[in-house]
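Summary of the model geometry
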Amino acid sequence: MAVAGDGGNSRFDRLMPGPDSRVRSGTDAGIHAVTADRYRRFAAEADGRCRLYVDLAGAVADDDALLAFLAAQPEERRQPNLFLAAVRWVAGVPADGAALRQAVARHGAAIAAVMRARTTQTNEPGRCAVLLPALARLPGPLALLEVGASAGLCLLPDRYGYRYGGTLLAPPTADAPVFDCAANAATPVPAALPQVVWRAGLDLNPLDVGSHDDMAWLETLVWPGQDARAERLRAAIAFARRDPPRVIRGDLLTDLESLAAQAPAEATLVVFHTAVLAYVRDGQARQRFADTVARSRAVWICNEWREVFPGWADSAPPAPHPNSFLLAVDGRPVAWTQPHGQAIDWFG
Ligand SMILES: C[S@@+](CC[C@H](N)C(=O)[O-])C[C@H]1O[C@@H](n2cnc3c(N)ncnc32)[C@H](O)[C@@H]1O
């Protein structure tokens, strides 16, 4: 998702109800104006994180030919992240707005086909670093159920290593990736990794870590220049391929209970999600999901944008960063976290 380059819609796109009246009016001018607004908002979000995407999104907003190309795509497929990733997938990384125009002029049909066939989807294993302090406090052994698991790279928190400032939590095997995370003094940095006896993921579109195509697309959704992130992703994919987590196709709104029923009764069941609920645009549906988890025997760990459950941030101290996620356990906020797991500020 676009918060800190996550690969989805912009933050505003995700939680907004639907196309505005200019799109509903269906005129080319209306669609162009809305799309240009969307790309300008995206450029503002990318500012400070990816200079190239700021420039490319700005170029789109000011270019009639590019806006016309986007207007010809289905409304839900005009997302900046999807378009720019599709261009990169087909024609490589454009150096500037002129190269972007040229790529679309030459390869428009292929780019449009990618935009229709694929979705923006990421998997950020570094988020395990901010989940771990919450997980490690629970009575073990644990059964992990991740909704919106993507390729399942966040289902392996017990197999990675972590460096919280100067404190190293070594991985169980020397070949596992080690994630860096800045933790404030209040963070209960675990002394040991939790024991996980069962794990499963649920996703509308599960990605296969064994598939070269799936993983190459995942990597294309990492913004240009975010080299450390891409490297972390590659390392986690290579590691996960040796013993891939199970991720099944399903909707968190309808398929959670049947999957949860498969978890061993003697383990503490944890339902968790990171960077997922903003995709569920309807606030009542998000609340229904929360109610379902609350009714279950599971501990619920939620690491999401604060807009997802707007009232929750009221009981938290001010966020350290405008893009911070809120980490909550059973609906009680306990920490602000950085979107890719780079930092945790515990207050709970
Ligand atoms: C931004 S990705 C985050 C993936 C992973 N949680 C992470 O933090 O790296 C969001 C994922 O949620 C999935 N998703 C969105 N809506 C969903 C739903 N209603 N049910 C299940 N999965 C969903 C998407 O397919 C996507 O893989």
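Above this text is the structure in question.
Residues numbered from 1 in each chain as written. Predicted model: local features only at pLDDT ≥ 70, side-chain atom pairs only at ≥ 80, totals over all residues. Heavy atoms only, no water.

Some thoughts on the nonpolar core
- Counting residues in each nonpolar core, the largest one holds 46 residues, and the members touching the most others are L153, Y160, Y162, I301 and L327.
- Sort the elements by how many residues they give to this core and helix α8 (residues 128–135) lands first, with 7 residues.
- Residues in contact with L153, not counting those within four places in the same chain, are N123, P125, C128, Y160, V209, L233, A236, I237 and A240.
- If you look at the next biggest cluster of nonpolar residues, it comprises 36 residues, including V147, A275, A285 and F289. (Core = buried A, V, L, I, M, F, W, Y, C linked by side-chain atoms within 4.5 Å. Buried < 20%, exposed > 50% of the residue type's maximum accessible area, 1.4 Å probe, protein only. Helix = DSSP H or I, 4+ residues; strand = E, 2+ residues; numbered from the N terminus. Contact = heavy atoms within 4.5 Å.)

Re the environment of G348
- If you trace the backbone, G348 turns up in the segment after β11 (343–346).
- Taking the C-alpha atoms as reference points, G348 and A298, separated by 50 residues in sequence, lie 20 Å from one another.

Let's talk about the environment of P318
- Tracing the sequence through the fold places P318 in the loop between β8 (299–305) and β9 (325–329).
- With 18 residues separating them along the chain, P318 and W336 place their C-alpha atoms 9.0 Å apart.

Some thoughts on the site of the ligand
- By nearness alone, 20 residues border the ligand, and E124, R127, G148, D203 and T274 come closest of all.
- Within the side chain of T274, a nitrogen or oxygen atom sits 2.3 Å from an oxygen atom of the ligand.
- Burial of the ligand by the protein amounts to 96% of the accessible area it has alone, namely 590 Å².
- Tallied by class, residues from the shell around the ligand come to 7 nonpolar, 7 polar and 6 charged. (Near = heavy atom within 4 Å. Polar contact = N/O pair within 3.5 Å; in protein donor to acceptor, adjacent residues only side chain to side chain. Areas by Shrake-Rupley, 256 points an atom, 1.4 Å probe, with all protein chains shown as cover. Nonpolar A, V, L, I, M, F, W, Y, C, P; charged D, E, K, R; others polar.)

A few points about helix α9 (residues 212–220)
- Taken residue by residue, α9 has D214, M215, W217, L218 and T220 as its buried positions.
- Check the buried side of α9 and you find it contacts α6 (80–91), α7 (97–117) and α10 (227–240).

Section: the packing of helix α5 (residues 64–71) against α7
- α7 packs onto α5 with a crossing angle of 5 degrees between their chain directions and a minimal axis gap of 11 Å. With respect to each other, α5 and α7 are oriented roughly parallel. Where α5 abuts α7, its residues L66, F69 and L70 lie against L100, R101, V104, G108, I111, A112 and M115.
- In terms of residue class, the contact of α5 with α7 is made up of 8 nonpolar, 1 polar and 1 charged. (Axes fitted to C-alpha atoms, helices over the stretch in contact; angles between N-to-C directions. Parallel < 35°, antiparallel > 145°, perpendicular 65-115°, else oblique.)

As for unusual backbone geometry
- G140 connects to P141 through a cis peptide bond whose omega is -5 degrees.
- By the secondary structure assignment, P141 is in the loop between α8 and β1 (142–147).
- One non-glycine residue, S150, lies in positive phi territory at about 60 degrees.
- Along the chain, S150 turns up in the loop between β1 and β2 (161–164).
- Classification of S150 as buried rests on a relative accessible area of 2%.
- Positive phi outside glycine occurs at D330, with the angle close to 50 degrees.
- In this structure, D330 sits in the loop between β9 and β10 (332–337).

Regarding the pairing of β8
- Judged by how many residues are buried, β8 sits mostly within the fold: 7 of 7 residues are covered.
- As defined by bridge partners, strand β7 (residues 268–274) adjoins β8 across 5 bridges and the pair is classed as parallel. The partner of T274 across the bridge, within β8, is N303.
- For the segment spanning β7, helix α12 (residues 283–295) and β8, crossover handedness is right-handed.
- The pairing of β8 with β9 spans 5 bridges and is antiparallel. Residue E304 lies in a different strand from β9, and its bridge partner there is L326. (Pairing = 2+ DSSP bridges. Right-handed = clockwise from strand over helix to strand, strands pointing away.)

A few points about the sheet that holds strand β6 (residues 247–249)
- Read across the sheet, 11 strands follow the order β3-β2-β4-β11-β10-β9-β8-β7-β1-β5-β6 without closing on themselves; strand pairing throughout is mixed. Each edge of the sheet is formed by a strand with only one pairing partner; in this case those strands are β3 (167–169) and β6. Neighbour to neighbour, the strand axes of the sheet diverge by 25 degrees on average, direction disregarded.
- As defined by bridge partners, β9 adjoins β10 across 5 bridges and the pair is classed as antiparallel.

All we've got here are geometric facts, nothing functional implied.
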